[in-house]
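Understanding the architecture of this molecule
Here is how the chains run, residue by residue.
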Amino acid sequence: MLIELKDTTKIYNQGKPNEVTALSDVSLRIEEQTMICLQGASGSGKSTLLAIMGCVFPPTSGSAAIAGKQLSRMPDRFLTIHRRETIGFIFQQFNLLPRLSVLDNITLPLLPLGISPPERKARARKLMEHLSISHRESFPAGQISGGEMQRVAIARALINNQPIILADEPTAHLDSRLSMEFMQIMADLKKEGKTIIIASHDTLVSEHPAIDKIINIKDGRIHVP
Ligand SMILES: Nc1ncnc2c1ncn2[C@@H]1O[C@H](COP(=O)(O)OP(=O)(O)OP(=O)(O)O)[C@@H](O)[C@H]1O
Ligand SMILES: [Mg+2]
């Protein structure tokens, strides 16, 4: 099992007046090469669940095994290394550095890994070609179209060949044509063997034929309607 959560609970600011239980006893199993849509009202815990599956922090209690490693047993330093090797994140606002070139944005996650500049460039060029953004290689990321920015964000999430792709409301700022294009790219990545989890309210996402399962969260718990 690629992702296995058991009674996973996350409490922010535990023991303080501003304590919030964001996830309560969440148990789920996600197999390799599947595509999941995560749904739930604002504040229900979707981003928190993505953060745990993304090895950003371990659960407060319960267990979370991501790609064979128990998060709560890992010191922070190893958690960071495991995250870099395992997880590609795509954010709602893309989080690109607008003054850096498209190429430099894509290779950013490789900087801490000590990979040589020619190797970084070669990997990025392959992805840019795959995602049809090669012609924007040296453009500042702040000066390209929304759809191009999104493909740069996808390339950056794939640059280290991580097996798990997590996306938090990735189509929120895209029109329907670009949203469909995004889902087509995700469907292709699934075919290539990736496991993809997308938090989204967009029906273009949840009703896409490549989605294997919809997980509903309500008040930090998995909700079975
Ligand atoms: N860093 C934090 N510190 C304290 N509380 C937090 C933190 N992040 C989230 N929360 C709280 O945890 C709960 C779940 O938040 P989360 O961001 O996971 O929800 P969400 O489903 O992603 O919501 P949205 O759809 O609005 O993005 C909310 O009550 C939120 O206020
Ligand atoms: Mg969120």
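Thresholds, definitions, all that
Residues numbered from 1 in each chain as written. Chains lettered and ligands numbered in written order. Predicted model: local features only at pLDDT ≥ 70, side-chain atom pairs only at ≥ 80, totals over all residues. Helix = DSSP H or I, 4+ residues; strand = E, 2+ residues; numbered from the N terminus. Rg over C-alpha atoms; globule rule 2.2 N^0.38 Å. Buried ≥ 20, exposed ≤ 12 C-beta atoms within 10 Å, placed from the backbone. Contact = placed C-beta atoms within 7 Å. Near = placed C-beta within 6 Å. Nonpolar A, V, L, I, M, F, W, Y, C, P; charged D, E, K, R; others polar. Arc of directions from axis to C-beta. Pairing = 2+ DSSP bridges. Core = buried A, V, L, I, M, F, W, Y, C linked by C-beta atoms within 7 Å.

What follows deals with the overall build of the protein. A count of helical and extended segments in the protein gives seven helices and 10 strands. Its C-alpha atoms give the protein a radius of gyration of 17 Å, within 12% of the compact-globule value 17 Å for 225 residues. A principal-axis box enclosing the C-alpha atoms of the protein has dimensions of 50 × 40 × 35 Å. Taken over 225 residues, the protein has a buried fraction of 37%. For the protein, contacts bridging at least 24 residues in sequence account for 72% of all contacts bridging at least 6.

Position of Thr86 relative to the elements: it lies in helix H2 (residues 76-86). Take Thr86: there are 20 C-beta atoms within 10 Å of it, and that puts it in the buried class. For the pair Thr86 and Asn160, spaced 74 residues apart in sequence, the C-alpha separation works out to 8.4 Å. Those residues in contact with Thr86, other than ones at most four positions away along the chain, are Cys55, Ile66, Ala67, Gln162, Pro163 and Ile164.

With that settled, the discussion passes to the site of ligand 1. Taken together, the residues surrounding ligand 1 are Tyr12, Asn13, Val20, Ala22, Gly40, Ser42, Gly43, Ser44, Gly45, Lys46, Ser47 and Thr48. Elements represented by at least two residues in the shell around ligand 1 include exactly strand E2 (20-30) and helix H1 (46-53). Among the elements that line the shell around ligand 1, the one with the most residues is H1, at three residues. Partitioned by chemical class, the residues of the shell around ligand 1 number three nonpolar, eight polar and one charged.

For the rest of this paragraph, the subject is H1. Of all the positions in H1, only Lys46, Thr48, Leu49, Ile52 and Met53 are classed as buried. Each buried residue of H1 sits inside an arc of 165 degrees when the element is viewed along its axis, so together they form one side. After H1 finishes, the residue Cys55 shows a positive phi value of roughly 60 degrees.

Quick look at the pairing of strand E1 (residues 3-12) now. As defined by bridge partners, E1 adjoins E2 across seven bridges and the pair is classed as antiparallel. Bridging across to E2, Lys10 finds its partner in Leu23. The sheet contact formed by E1 and strand E4 (residues 61-66) spans five bridges and is antiparallel. What sits directly across from Ile3, in E4, is Ile66.

In this section: the nonpolar core. Counting 53 residues, the largest nonpolar core has Leu38, Ile106, Val152, Ala155, Ile165, Leu166 and Ile198 as its most contacted members. No other element matches the seven residues that helix H5 (residues 146-158) contributes to this core. The contact partners of Leu166, leaving out residues within four places of it in the chain, are Leu50, Met53, Gly54, Ile87, Phe89 and Ile197.

Okay, the environment of Pro170 next. Residue placement: Pro170 occurs in the loop between strand E7 (164-168) and helix H6 (176-191). Overall, the presence of 26 C-beta atoms within 10 Å leaves Pro170 in the buried class. Along the chain, Pro170 and Pro75 lie 95 residues apart, while their C-alpha atoms are 30 Å from each other. Here Pro170 is in contact with Ile90, Gln92, Phe182, Ile198 and Ser200, once residues within four sequence places are set aside.

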